[in-house]
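# Fold and contact review
Spelled out, the chains give:
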Amino acid sequence: MKNLTSDSVAGIAVSAIKAMAMRAAKVEGAVSLTWGLPSFRTPEGIRRAVERALDNDPDIGKYTLPDGLRELRGAAAETHRAATGVAVDPDRNITIAAGNMEGIATLLRSLIDAGDEIVVTDPGFASHFIQIGLCGGRPVFWRLDETRGWALDLEALPGLLTDRTKAILLVTPSNPTGRIFTEAELREVGRIAAERGLVVILDDPYCHFTYENRDRYFNLSSVPELADHVAYLFTFSKCHAMSGWRLGYAVLPEWLKREVLKVHDATMICAPRISQIAGLAALSGEQAHLGAFEDRLAKRRELICARLDALPHVFDYVKPEGAYYVFPRIVAEHMDSYEFAIRLLEEARVAVTPGSAFGPTGEHHVRMAFCVEEEAIETAFDRIEAYFN
Ligand SMILES: Cc1ncc(COP(=O)(O)O)c(C=O)c1O
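Since we're looking at a predicted model, the values are computed, not measured.

## A word on the overall build of the protein chain
Broken down by element type, the protein chain carries 14 helices and 14 strands. Relative to the 2.2 N^0.38 estimate, which gives 21 Å for 389 residues, the radius of gyration of the protein chain is 21 Å and therefore close to what a compact globule would have. Each principal axis of the C-alpha atoms in the protein chain carries an extent, and together these give about 60 × 60 × 55 Å. The proportion of buried residues among the 389 residues of the protein chain is 47%. Long-range pairs, those at least 24 residues apart, make up 73% of the contacts in the protein chain between residues at least 6 apart in sequence.

What follows is the structure, given as structure tokens:
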């Protein structure tokens, strides 16, 4: 039979994060720090709102408009205004996506022609690289400076931009490093993007997980002069413990929403209505869970850092400022991060994600997600300690 599958798809691998999670699921009793899947249950108020809608809303099982329920777009606009001080229009600027993965994929598809380039941080979020490739584009790696706590290297940015550059894609707080990029850094990225006629894409799952560094967090979409050059995407997955509901919202310049809507409609039609009802409850109901989740994650961050401190012969690390990942450098003897991760899984029954999945600079590192229960962190590190001591 002739080869029917697409060469461009055959040429990519499933993300290493999911590949390791699936591999770990086959190892009896393995503890997994691979996936950034928070242990928290979707809050009660959100669940009850959905229950009520299931019972009382005759439209609950129907499509919504492609850009989402008007009420949810209104609530998203209000949340965005409260967070940034910038008023956006629910009709012209906001679209509801089935999570940021779909939102970013749709946005990239709306921006990229074959051969176009998107600047991504290195290390950066592995799935972005795959998404860019699937659109026929090329991720251009912008190396972060580990010696400065994984800071942006602003001097290097102009040298990465070409006639094919369309966008600069950032995650802050960062996955996988936990770095919160500073206001000065982000403003400079915005300035360069505007000067060169580019878009800065902000993929933001972790804005509510900033611990004692809240004042460092800066949302670049709060700069009105950059309105035509910033696409901001928030996901409910992490902050509202709604990863399985598949819901996010995008705040876009009008010229971009117009294009994004075509791709979103052709792929999804709309985000599930039931999830949009849940999202509306998340934005308009009481918000105590945001702080409660963050407090719990803060304890887990202290725990994982204390356990890493006791293993200086295995790992060296930068304490994450936000999000719930730590990205230690492997100092124990090893070949590469993949070999190390497989060995740790098979011999110590602890799953971590090889750092090479997050870009060339990620080699010789691993990513550990500390959004799992404290007990899982303790067990993982008891095993790592026993294995290396
Ligand atoms: C940077 C980043 N973007 C997107 C996602 C996925 O978000 P969603 O569940 O909204 O698709 C994640 C999840 O880990 C992430 O870390």
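There's more to say after this.
## Remarks on the sheet that holds strand β10 (residues 325–326)
Adjacent strands of a sheet pair through backbone hydrogen bonds, lying either parallel or antiparallel. As summarised here, the arrangement of the 3 strands in space is β10-β14-β13, forming an open sheet in which the pairing is antiparallel. In the strand order of this sheet, the two ends are held by β10 and β13 (353–354), each with one partner. As paired strands, β13 and strand β14 (residues 366–369) are joined by 2 bridges and run antiparallel to one another. Its bridge partner lying in β14, Thr 353 is registered against Arg 367.

## Describing the nonpolar core
Grouped together as the largest cluster of nonpolar side chains are 113 residues, with contacts concentrated most on Val 200 and Ala 231. Among the elements that take part in this core, helix α5 (residues 99–111) stands out by supplying 6 residues, more than any other. Of the residues that make up this core, three or more belong to each of domain 1 (7–42 + 289–388) and domain 2 (59–284). Sequence-distant contacts of Ala 231, defined by excluding residues within four places in its chain, comprise Leu 107, Val 199, Ile 201, Leu 202, Ala 250, Leu 252 and Leu 256.

## Quick notes on the environment of Gly 124
Residue position: Gly 124 is located in the loop between β3 (117–122) and α6 (126–134). Judged by C-beta crowding, with 26 C-beta atoms within 10 Å, Gly 124 ranks as buried. In the structure, Gly 124 is positioned 210 residues away from His 334 in sequence and 23 Å away in space, judged by C-alpha atoms. Contacts of Gly 124, omitting those with residues within four sequence positions, involve Val 171, Phe 358 and Gly 359.

## Notes on the sheet that holds strand β2 (residues 94–97)
As summarised here, the arrangement of the 7 strands in space is β2-β8-β7-β6-β5-β3-β4, forming an open sheet in which the pairing is mixed. Looking at the sheet topology across the chains shown, the edges are occupied by β2 and β4 (138–143). Each strand axis lies, on average, 25 degrees off the axis of its neighbour in the sheet, ignoring direction. Pairing between β2 and strand β8 (residues 248–251): 4 bridges, direction antiparallel. Pairing of Thr 95 across the sheet is with Ala 250, part of β8. Relative to strand β6 (residues 199–204), helix α8 (residues 183–196) is tilted by about 140 degrees, and along the sheet it contacts β5 (165–170), β6 and β7 (230–235).

## Some details on the packing of helix α4 (residues 70–84) against helix α11 (residues 273–284)
One can describe the packing of α4 onto α11 by two numbers: an axis separation of 9 Å at closest approach and a directional angle of 30 degrees. Between α4 and α11 lies a crossing whose hand is left-handed. Note on element contacts: α11 touches α4 through Gln 276, Gly 279, Leu 280, Leu 283 and Ser 284, opposite Glu 71, Leu 72, Ala 75, Ala 76 and Thr 79. Each residue belonging to the contact of α4 with α11 can be placed in one class, and the counts come to 5 nonpolar, 4 polar and 1 charged.

## Quick notes on the site of the ligand
Taken together, 13 residues form the shell around the ligand, and within it Gly 99, Asn 100, Met 101, Thr 235 and Ser 237 come nearest. Sorting elements by how many residues they give to the shell around the ligand places α5 first, with 3 residues.

## Observations concerning helix α13 (residues 337–348)
The terminal C-alpha atoms of α13 lie 15 Å apart, and with 12 residues this matches the ideal 16 Å at 1.5 Å per residue to within 8%. Ser 337, Phe 340, Ala 341, Leu 344 and Leu 345 are the residues of α13 that are buried. Angularly, the buried residues of α13 cover 130 degrees about the axis, an arc narrow enough to put them on a single face. In α13, the exposed positions that point more than 90 degrees away from the buried face belong to Glu 339, Glu 346 and Glu 347. Each element contacted by the buried residues of α13 is listed here: α2 (16–25), β11 (329–330), β12 (350–351), β13 and β14.

## A few points about the pairing of β6
Within β6, 6 of the 6 residues are buried, which leaves the element mostly enclosed by the surrounding structure. Alternating positions in β6 separate into two faces, Val 199, Ile 201 and Asp 203 on one and Val 200, Leu 202 and Asp 204 on the other, with burial throughout. Bridge count for β5 against β6 is 4 bridges, and the pairing is parallel. Residue pairing for β6: Leu 169 is matched across the bridge by Ile 201. Handedness of the β5-α8-β6 crossover: right-handed. Taken together, the 5 bridges between β6 and β7 define a ladder with parallel strand orientation. Note that in β7 the partner of Val 200 across the bridge is Val 230.

## Observations concerning the packing of helix α3 (residues 44–56) against α11
Between α3 and α11, the shortest axis-to-axis distance is 8 Å and the interhelical angle comes to 135 degrees. Relative to α11, the element α3 lies oblique. Regarding α3 and α11, the two cross each other, and that crossing is right-handed. Contacts between α3 and α11 involve Gly 45, Ile 46, Ala 49, Val 50 and Ala 53 on the former and, on the latter, Ile 274, Ile 277, Ala 278, Ala 281 and Ala 282. In terms of residue class, the contact of α3 with α11 is made up of 9 nonpolar, 1 polar and no charged.

About the thresholds
- Residues numbered from 1 in each chain as written.
- Predicted model: local features only at pLDDT ≥ 70, side-chain atom pairs only at ≥ 80, totals over all residues.
- Helix = DSSP H or I, 4+ residues; strand = E, 2+ residues; numbered from the N terminus.
- Rg over C-alpha atoms; globule rule 2.2 N^0.38 Å.
- Buried ≥ 20, exposed ≤ 12 C-beta atoms within 10 Å, placed from the backbone.
- Contact = placed C-beta atoms within 7 Å.
- Pairing = 2+ DSSP bridges.
- Core = buried A, V, L, I, M, F, W, Y, C linked by C-beta atoms within 7 Å.
- Domains from an automatic or database assignment.
- Axes fitted to C-alpha atoms, helices over the stretch in contact; angles between N-to-C directions.
- Left-handed = near helix turned anticlockwise from the far one by under 90°.
- Nonpolar A, V, L, I, M, F, W, Y, C, P; charged D, E, K, R; others polar.
- Near = placed C-beta within 6 Å.
- Expected span 1.5 Å × (residues − 1).
- Arc of directions from axis to C-beta.
- Right-handed = clockwise from strand over helix to strand, strands pointing away.
- Parallel < 35°, antiparallel > 145°, perpendicular 65-115°, else oblique.

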